Amino acid sequence: MTGQGTAELPRGETIRTQALDAARATWPRLADIAGLSAASYRLSVLSARAEPEGRMRVVAAATAAGADRVVLKFRVNGDVEAALRMAEAHRSAARALADVPDCAAPDVLAFDPDAGAALLAWVDGGTVQDALSEGRIALGDLAAHVGRWMAALHRQRTPDRAPFAGARMLGRLDRMAARGVQARHRIVEFQQANDPDHDKAR
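Small disclaimer: the values here were computed from a predicted structure and weren't measured. (Residues numbered from 1 in each chain as written. Predicted model: local features only at pLDDT ≥ 70, side-chain atom pairs only at ≥ 80, totals over all residues. Heavy atoms only, no water.)

Some remarks on the nonpolar core
Which entries qualify depends on this criterion: Note on terminology: a nonpolar core comprises buried Ala, Val, Leu, Ile, Met, Phe, Trp, Tyr and Cys residues joined through side-chain atoms within 4.5 Å. Throughout, exposure labels follow a simple rule: accessible area from a 1.4 Å probe, protein chains only, divided by the maximum for the residue type, with under 20% read as buried, over 50% as exposed, and the rest as partly exposed. Numbering of helices and strands runs from the N terminus; a helix is a DSSP stretch of H or I covering at least four residues, while a strand is a stretch of E covering at least two. Residue contacts are counted whenever heavy atoms from the two residues lie within 4.5 Å of one another.
Residues Trp27, Leu43, Ala62, Leu72, Phe74 and Leu119 are the most contacted members of the largest nonpolar core, which totals 23 residues. Per-element tally for this core: the top contributor is helix α1 (residues 15-34), with seven residues. Here Trp27 is in contact with Leu36, Ala38, Tyr41, Leu43, Ala62, Val70, Leu72 and Leu119, once residues within four sequence places are set aside. Formed by eight residues, the second largest nonpolar core is a distinct cluster that contains Val59, Val71, Ala87 and Val108.

Rendered as structure tokens:
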């Protein structure tokens, strides 16, 4: 079963342009289900990832003056039934983490069953990758925070809950940390190359 409410991917364009086109095609009906004025919002792509068989995973933000920011999450040519299960898992996670300090999960505000698209509440805060890249958090502290988040989540029953793959999660954190270190090194190299007095000021 595939979603019918998203746009076909045009050839020869960038992934983010394709994702924005798909978000614009998906947004009006999703906004209508949520009781929002689609025309009042501006869309921007937060992430887009091409997948096999013409699929694309899209996360986009919708912003309007005087209104809360919301997030669209869907797959172009995706499995609608799988999207519905994911939306239910989001709702369950939001309930599980509602009273957990410093932990949050976005709740589902609306779901379009034809497109398999979910509208999520916006959760303030930066990404894990940004925190590591900017050196705002140590890997050990991040792992401890993720552990608290996962413990609270797994105390609750969620649809299609799979066993927690701890080694896989830690491996992903290691890779994020490595990319964060590389990013900081590139920033320093750029500063040194473009500012002759950079080393003198240190």
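Now that the structure has been shown, the text picks up again.
Comments concerning the packing of aromatic side chains
Note the cut-off: Pairing of aromatic side chains requires ring centres within 6.5 Å, counting the rings of Phe and Tyr and the six-membered ring of Trp. Pairs whose planes differ by under 30 degrees are stacked, by over 60 edge-to-face, and all others tilted. Counted as over-ring charges are cases with an Arg CZ or a Lys NZ within 6 Å of the ring centre that also lie within 35 degrees of the ring normal.
Across all of its chains, the model carries one aromatic pair by this definition. Between Trp27 and Tyr41, the aromatic rings sit 5.3 Å apart at their centres with planes inclined by 65°, giving edge-to-face as the arrangement. Of this pair, Trp27 sits in helix α1 while Tyr41 sits in the loop between α1 and β1 (42-50); the two residues are 14 residues apart in sequence, bridging distant segments of the chain. Overall, Trp27 belongs to the buried group, its relative accessible area being 3%. With relative accessibility at 13%, the residue Tyr41 sits in the buried group. Over the ring of Trp122 we find Arg69; its NZ or CZ atom is 4.4 Å from the centre of that ring.

Overview of the side chain of Asp112
Relative to the helices and strands, Asp112 is located in strand β4 (residues 108-112). Overall, the relative accessible area of 2% leaves Asp112 in the buried class. With near-sequence residues (within four places) excluded, Asp112 lies in contact with Arg29, Leu30, Ile33 and Ala117.

Things to note about the pairing of β4
So the rule is basically this: Should DSSP find at least two bridges between two strands, the strands are taken to pair.
Counting buried positions along β4 gives four out of five residues, so the element sits mostly inside the fold. Two strands pair when backbone bridges link them, and β4 and strand β5 (residues 117-121) are joined in this way by four bridges, in the antiparallel orientation. By the bridge assignment, Val108 is partnered in β5 with Leu120. The turn linking β4 back onto β5 is made up of four residues, and Gly116 within it adopts a positive phi angle of 65°.

So, the pattern of salt bridges
Oppositely charged side chains are able to pair whenever their charged atoms sit close together. This is how it is decided: Take a side-chain nitrogen of Lys or Arg and a carboxyl oxygen of Asp or Glu: if they are within 4 Å of each other, that pair is a salt bridge.
Under the criterion given, the structure shown has seven salt bridges. We note a salt bridge from Arg29 to Asp112, for which the minimum N-O separation is 2.9 Å. Of the two residues, Arg29 is situated in helix α1 and Asp112 in strand β4; the sequence distance between them amounts to 83 residues. For Arg29, the salt bridge identified is with Asp114, shortest N-O distance 3.2 Å. Taken together, the residues Arg29 in helix α1 and Asp114 in the loop between β4 and β5 connect sequence positions 85 residues apart. Judged by its relative accessible area of 44%, Asp114 is partly exposed. What emerges from the salt-bridge pattern is a single network uniting Arg49, Glu51, Arg55, Arg57 and Arg75.

Overview of the sheet that holds strand β3 (residues 70-76)
Filter applied, for reference: Lines fitted to C-alpha atoms define the axes here, with helix axes fitted over just the stretch in contact, and angles between the N-to-C directions of these axes take values from 0 to 180 degrees.
Read across the sheet, five strands follow the order β1-β2-β3-β5-β4 without closing on themselves; strand pairing throughout is antiparallel. Bordering the open sheet on either side are β1 and β4, each of which pairs with just one other strand. Along the sheet, successive strands turn relative to each other by an average axial angle of 20°, direction set aside. Strand contacts of α1: β1, β2 (56-63), β3, β4 and β5, with the helix running at about 125° to β1, the strand carrying the most contacts. Contacts between helix α2 (residues 80-97) and the sheet are confined to β3, β4 and β5, with β4 contributing the most and set at about 170° to the helix.

Describing α2
The following threshold applies: The span expected for a helix works out to 1.5 Å for each residue beyond the first. N or O atoms closer than or at 3.5 Å make up a polar contact, with two conditions inside protein: a donor-capable atom paired with an acceptor-capable one, and, for residues adjacent in sequence, both atoms drawn from side chains.
When the terminal C-alpha atoms of α2 are compared, their 26 Å separation across 18 residues agrees well with the 26 Å that a helix rising 1.5 Å per residue should span. Three or more residues of α2 are buried, namely Val80, Ala83, Ala87, Ala89, His90, Ser92, Ala93, Ala94, Ala96 and Leu97. Against β3, β4, β5 and α4 (139-154) lie the buried residues of α2. N-capping of α2 is provided by Asp79, with a side-chain oxygen placed 2.9 Å from the backbone N of Glu81.

As far as function goes, none of this settles anything; it's purely spatial.
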